[in-house]
Amino acid sequence: MSEELRAQVQQVFRDVFDDPSLVLRDEMASEDIEGWDSLTHINLIVAVERKLGIKFATAEIGRTKEPGQNVGSFLRMIEAKVAAKQGVA
Amino acid sequence: MNVCSFPFLLGVGLAAILFHLAPWKGPRRLFLTVVNVAFLVTQVPNWRSWLCFAGFFLLTYGVLRFLKARPSRDHLIASIGLVVCVFVYLRRYDFVNLLLGGGWAPNEVLSGVELVGISYIMFKAIHMMVDQWEGQLAPYGLFSYLNYQLAFFTLLSGPIYRYNDFQEAWQQMDMGPGDARGTLRCWGRLLIGMLQMGLVAPLLWEGFDRAGRLLFNPSAPDLLQGLAGRFYVYPFYLYFNFAGYTNIAIGAGGLFGFRVPENFHYPFLSRNMIDFWNRWHITLSWWIRDYVFMTSYKACAERFSKWSRLCGYGLLFLALLIAGVWHGTTFAFVAFGAAHGFGIMAAQIYTDSLKKGLGRAGFQRYVQSRLIHGAAIVLTFHYICFTFLYFSSGVDGASFWFFSAMTLMKAPGSAFSALRLTWWTGGSILALTVLAVAWWNSDRLMAGLRGAAARLPQRTSLLYAAVCSMAVLTTFVLLASWALQQKDPVVVYMRF
């Protein structure tokens, strides 16, 4: 994932979780970020969608919060969507 | 055929052997289809039920194909609405009668109709419709859809298996049989499930029944034992019945190469009601989370971001209310859903308030406090027991408390006499003390258990021994049950 995209997503995380010092690491799970509950998860999804102009499917939104998923897998999903969008454009 | 019975055990064993003897993907698929249809035949009692079942199944498939041919948001909403309406009609909900002013007469039309697993067919069909519309669904045809919906190991009561996971196993069917340890683990799960469902759950039911007799004895009610029995035993009965069934489903599915998802994760150790729904009937709560709550909350957050949190609380309540209503057709289940909706909404509001009030560091300290965690588990457990009063036959929460209060008013002496130190109350106090000490030392205890498990030799022969012992015990339980002419235990969730 490009540094620029990572920085953009990190800024969205900081805004949604109201934590300016938050630094994303791939191995972080939802339990490692304080306040990542079901409601905040959707707020995060909506904020990422708005910022990057992408769309998440229902099954993808649920999957990102299931056990075994982490920030790394979420970032990879975002990267694939941004790449697909740029490919279409 | 009951899943906790000898014929099922023998049938699964025989079918698994024949399945793995089949040389290619095609014959295996065909054989599994025959097994699934044969199991379905044992579950549908008459031609009227067949007609309704087949109609509902074909409707869901037809709607899926229609949506594939003509994808549009309006068609999707109309299709989901149609499937839900037919489902509500077939389920004969009491509250619909009230809403329609008594003009609802499906009981006469559907007389004698007994439908198995249609809730799960609906859940799976809606998930496929939405995922197909969003381009997330793996390829399917009538053959794979039929086996997905009618798979004998998930037909009666789930767990709700997502189609893409099913399809992966359906595609890989030409692989050779799994290793011995994997097969033994599947047999272990199946046998544990049979023991939970056939031995533990009936014993708990007996305790629940006995408590009812003690409580409702008009001459000399035993208030303490009766209340405690009614209040505490039923959730455990329901858990062992349904978790037992789930273990059977996971074990049986595993023998045919399907990884059926887990449905329970120590639900009575939940910290709050949000946590509870991540541990109880997990596949249902995740389905509701994805296809009811998240979809509606996302729409709300996109449109009214300022009010989204408030909207989220309301939607949490609504999602659990729907879950409750799904569980049964009477008003008691509406109350059950409302109690769970209130519980989950209160937990979310309380957590949000704590975060605001205590700040980041204070909230961390609060979450990590063992005393608070222990107290939260005890409180949540009691709330869960309260809500499950709505489940227990013939008693709902309100009538339970009303009856208890009336008994106390009529015979106040019975409450005091019940407080005498019997073996039961003494045992309960001792058990609670042991639990409290264990909780306080849980880190050390868990480290010790992990160490002991690591020291155990990981030999397949041990697994063989464990599975053989369980097979002997299960055989004994099923034989004893048959000899004593006991009815095979039914899956409580099958009614839903």
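Quick look at the structure, then. (Residues numbered from 1 in each chain as written. Chains lettered and ligands numbered in written order. Predicted model: local features only at pLDDT ≥ 70, side-chain atom pairs only at ≥ 80, totals over all residues. Heavy atoms only, no water.)

1. A closer look at the overall build of chain A
Tallying secondary structure elements over chain A gives four helices and zero strands in all. Taken from the N to the C terminus, the helices and strands of chain A come in the order α-α-α-α. Taking all 89 residues of chain A together, the buried fraction comes to 49%. Considering only contacts in chain A between residues 6 or more positions apart, those separated by 24 or more positions represent 57%. With the model as given, the accessible surface of chain A reaches about 4,300 Å², and the carbon-plus-sulfur share is 47%. (Helix = DSSP H or I, 4+ residues; strand = E, 2+ residues; numbered from the N terminus. Buried < 20%, exposed > 50% of the residue type's maximum accessible area, 1.4 Å probe, protein only. Contact = heavy atoms within 4.5 Å. Areas by Shrake-Rupley, 256 points an atom, 1.4 Å probe, with all protein chains shown as cover.)

2. Examining the interface of chain B and chain A
On the side of chain A, 27 residues touch chain B, which itself brings 25 residues to the contact. In total, about 2,200 Å² of surface goes out of reach between chain B and chain A, with carbon and sulfur atoms giving 54% of it. When residues of chain B are sorted by the area they lose upon contact with chain A, Met294(B), Lys298(B) and Arg360(B) head the list and together hold 29% of the total. On inspection of chain B and its partner chain A, the count reaches seven salt bridges. Linking Asp37(A) and Lys355(B) is a salt bridge whose minimum nitrogen-to-oxygen distance equals 3.8 Å. For the pair chain B and chain A, the interface holds twelve residue pairs in polar contact (both at pLDDT 80 or more). At the level of elements, helix 7 (118-133), helix 13 (282-303), helix 14 (308-327) and helix 15 (331-368) of chain B are the ones that each hand at least two residues to the side of chain B that touches chain A. Considering each element in turn, the side of chain B that touches chain A owes the most residues, eleven residues, to helix 13 of chain B. Grouping the constituent residues of the side of chain B that touches chain A by class yields nine nonpolar, six polar and ten charged. (Buried area = accessible area lost by both parts, 1.4 Å probe. Salt bridge = Lys/Arg side-chain N within 4 Å of Asp/Glu carboxyl O. Polar contact = N/O pair within 3.5 Å; in protein donor to acceptor, adjacent residues only side chain to side chain. Nonpolar A, V, L, I, M, F, W, Y, C, P; charged D, E, K, R; others polar.)

3. Structural notes on the side chain of Thr58(A)
Position of Thr58(A) among the secondary structure elements: in helix 3 (residues 58-63). If we ignore the near neighbours within four places in the chain, the residues touching Thr58(A) are Val130(B), Glu134(B), Asp290(B), Tyr291(B) and Thr295(B).

4. Brief notes about a nonpolar patch on the surface
A surface patch of nonpolar side chains, amounting to about 420 Å² of accessible area, comprises Leu14(B), Ile17(B), Leu18(B) and Leu21(B). Tracing the backbone through its elements, the reader meets Leu14(B) in helix 1 (residues 6-21). (Patch = residues over 30% accessible without salt bridge, like charges linked within 9 Å, V, L, I, M, F, W, Y side chains within 5 Å.)

5. Considerations on the packing of helix 2 (residues 38-52) of chain A against helix 13 of chain B
When two helices pack together, you describe them by how their axes are tilted relative to each other and by the distance separating the axes. Interhelical geometry of helix 2 of chain A versus helix 13 of chain B gives an angle of 55° and a closest axis separation of 10 Å. Judged on the interaxial angle alone, helix 13 of chain B and helix 2 of chain A are oblique. In the crossing of helix 2 of chain A with helix 13 of chain B, the sense of the turn from one axis to the other is right-handed. From helix 2 of chain A, Ser38(A), Leu39(A), His41(A), Ile42(A), Asn43(A), Ile45(A), Val46(A), Glu49(A) and Arg50(A) reach across to helix 13 of chain B, where they touch Phe293(B), Met294(B), Tyr297(B), Lys298(B), Ala301(B) and Glu302(B). Its residues assigned to classes, the contact of helix 2 of chain A with helix 13 of chain B shows eight nonpolar, three polar and four charged. (Axes fitted to C-alpha atoms, helices over the stretch in contact; angles between N-to-C directions. Parallel < 35°, antiparallel > 145°, perpendicular 65-115°, else oblique. Left-handed = near helix turned anticlockwise from the far one by under 90°.)

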